[in-house]
Amino acid sequence: MADKSMVGRKGKPFKMPIEWGKVREFARAVKDPNPLYFDPELAKKELGGIPIPVTFLQTSAFWQEADSGPGMGGFDLRRILHGEQEFEFFKPIFVGDTLTGVSQIADVYEKEGGRGGKMTFLVSEVEYTNQRGEKVAVARSTLIETGQTVRAS
Amino acid sequence: MAPKLKFDSVKVGDEIPKFVVEGITRPDFVRYAGASGDFVPLHYDQAFVEAAGIPTVFAQGMFTAGLLSKALTDYVGIGNVRQYKVRFATRLWPGDIVTCTGKVTNKLEQNGEKLIEGDLIVLNQKGEPAIRGSFRAACG
């Protein structure tokens, strides 16, 4: 069900403070022992602050409320797969920043699939600005709704 | 930390040093669920996945994308990634040996910034891709 009228639909802005404890926990979870995540003095000297792992903005799940999403009405969540994920970075993000995220549906389209039948693609974006109003990043997810539940291969 | 990558010494075709995890585990998936806030039960709840007809829990795609991003930042340096994109292919299961790597495909200068671009890949022990990806990174 590719409903083009969904494109441009936005969620309510949400705040996301960048916390050191969460950054450390995330770096460990992705097996990255780089001292820049764990040693504030080194990080300040090298980069100007404690950085975030490349995929850390995925933790926005902790900060989004029910109305922060752009609305996925019409999609069957039991048949959704995460197809692609992209991050673009425009300015550094450091521990201590407070980001504001705004979600929107960027695109909806259909394709004929293989084992899952017709597939609907939903591209959603979250644009992040920092506490100075600078655009720092965009996170872009492509979700795929398959025609039927996809079983293990 | 890896020595700083120099634009002039990077060549198209250069390989990103491999990051290998010798057997991912269920606790890895649980730890990633807690760290990321992604509590989709397919990745830690055995009863749930069996009821869905899947033999066992499998890795979150974004867990694997996180491993791959470590290989990338070890190469280009933390703070230099401008764009990172992953496309998910086959699933990874507990016990799989995961190899993250990639290669440089382009060098360019844009708005006075020296950049490199490349392809990224995560393979299981059978050589099947779990992720295909791409990146752009600043390279001073």
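What comes next concerns the included structure. (Residues numbered from 1 in each chain as written. Chains lettered and ligands numbered in written order. Predicted model: local features only at pLDDT ≥ 70, side-chain atom pairs only at ≥ 80, totals over all residues.)

1. A look at the overall build of chain A
1) Next: Broken down by element type, chain A carries two helices and five strands.
2) Next: Along the chain direction, N to C, the helices and strands of chain A fall in the order β-α-α-β-β-β-β.
3) Next: Structurally, chain A occupies a C-alpha span of about 55 × 35 × 25 Å along its principal axes.
4) Next: Classification of the 153 residues of chain A by burial places 29% in the buried group.
5) Next: At a minimum sequence separation of 6, the contacts of chain A that also span at least 24 residues come to 74%. (Helix = DSSP H or I, 4+ residues; strand = E, 2+ residues; numbered from the N terminus. Buried ≥ 20, exposed ≤ 12 C-beta atoms within 10 Å, placed from the backbone. Contact = placed C-beta atoms within 7 Å.)

2. Some details on the overall build of chain B
1) Next: In terms of regular secondary structure, chain B is built from three helices and five strands.
2) Next: Listing every helix and strand of chain B by position from the N terminus yields β-α-α-α-β-β-β-β.
3) Next: A burial count over chain B gives 40% of its 140 residues as buried.
4) Next: Residue pairs at least 24 apart in sequence account for 66% of intrachain contacts in chain B once pairs closer than 6 positions are excluded.

3. Comments concerning helix H1 (residues 26-36) of chain B
1) Next: All of the buried residues along H1 of chain B are Asp28, Phe29, Tyr32, Ala35 and Ser36 of chain B. The buried residues of H1 of chain B all sit within an arc of 130 degrees when viewed along its axis, so they share a single face.
2) Next: Buried residues in H1 of chain B make contact with helix H1 (20-29) of chain A together with helix H3 (61-76) of chain B.
3) Next: Gly37 of chain B lies just past H1 of chain B and shows a positive phi near 85 degrees. (Arc of directions from axis to C-beta.)

4. Things to note about the nonpolar core
1) Next: Counting 62 residues, the largest nonpolar core has Val23 and Ala137 of chain A together with Leu68, Leu72, Val81, Val122 and Ile131 of chain B as its most contacted members.
2) Next: Among the elements that make up this core, the one with the highest residue count is H3 of chain B (nine residues).
3) Next: When near neighbours in sequence (up to four residues on either side) are disregarded, Leu68 of chain B contacts Val86, Cys100, Leu120, Val122, Ile131 and Gly133 of chain B. (Core = buried A, V, L, I, M, F, W, Y, C linked by C-beta atoms within 7 Å.)

5. Remarks on the environment of Glu145 of chain A
Residues and elements named next belong to chain A.
1) Next: Take Glu145: it is sitting in strand S5 (residues 135-145).
2) Next: Between the C-alpha atoms of Glu145 and Arg79, which are 66 residues apart in sequence, the distance is 5.3 Å.
3) Next: Here Glu145 is in contact with Phe75, Asp76, Arg79, Ile80, Met119 and Thr120, once residues within four sequence places are set aside.

6. Side note on the sheet that holds strand S3 (residues 98-112) of chain A
1) Next: Taken in spatial order, the 10 strands line up as S1(A)-S3(A)-S4(A)-S5(A)-S2(A)-S2(B)-S5(B)-S4(B)-S3(B)-S1(B) in an open sheet, and their pairing is antiparallel. Every interior strand has two partners, whereas the edge strands, strand S1 (14-17) of chain A together with strand S1 (15-22) of chain B, have only one. Here the strands of the sheet are splayed against their neighbours by 20 degrees on average, with no regard to which way each runs.
2) Next: Direction of pairing for strand S2 (residues 80-89) of chain A relative to S5 of chain A: antiparallel, over a ladder of nine bridges. Looking at the pairing, Glu86 of chain A lines up with Arg140 of chain A of S5 of chain A.
3) Next: Across the sheet, H3 of chain B touches S2 of chain A together with S1, strand S2 (81-88), strand S3 (97-110), strand S4 (113-123) and strand S5 (129-138) of chain B, and the angle it forms with S1 of chain B is around 135 degrees. (Pairing = 2+ DSSP bridges. Axes fitted to C-alpha atoms, helices over the stretch in contact; angles between N-to-C directions.)

7. Some points on H1 of chain A
1) Next: All buried positions along H1 of chain A are accounted for by Val23, Phe26, Ala27 and Ala29 of chain A. Take H1 of chain A and look down its axis: the buried residues cluster within an arc of 160 degrees, on one side only.
2) Next: Taken together, the buried residues of H1 of chain A touch H1 and H3 of chain B.
3) Next: Just beyond H1 of chain A, the residue with positive phi is Lys31 of chain A, at close to 60 degrees.

8. Notes on the interface of chain B and chain A
Often the size quoted for an interface is simply the accessible area lost on bringing the parts together.
1) Next: Tallying the contact residues gives 32 residues for chain B and 29 residues for chain A.
2) Next: Breaking the side of chain B that touches chain A down by element, the ones donating at least two residues are H1, H3 and S2 of chain B.
3) Next: For the side of chain B that touches chain A, the element with the highest residue contribution is H3 of chain B, accounting for 10 residues.
4) Next: Tallied by class, residues from the side of chain B that touches chain A come to 16 nonpolar, 10 polar and six charged.
5) Next: By the bridge criterion, five bridges tie S2 of chain A to S2 of chain B in an arrangement that is antiparallel. Of the residues in S2 of chain B, the one forming a bridge with Glu86 of chain A is Lys85 of chain B. (Nonpolar A, V, L, I, M, F, W, Y, C, P; charged D, E, K, R; others polar.)

9. Quick notes on the environment of Lys135 of chain A
1) Next: Here Lys135 of chain A lies in strand S5.
2) Next: A C-alpha to C-alpha distance of 19 Å links Lys135 of chain A and Pro70 of chain A, two positions 65 residues apart in sequence.

10. Things to note about the pairing of S2 of chain B
1) Next: Alignment of S2 of chain B against S5 of chain B, held across seven bridges, turns out to be antiparallel. The residue of S5 of chain B that forms the bridge with Gln83 of chain B is Arg136 of chain B.

Function cannot be read off these values alone, since they describe shape.
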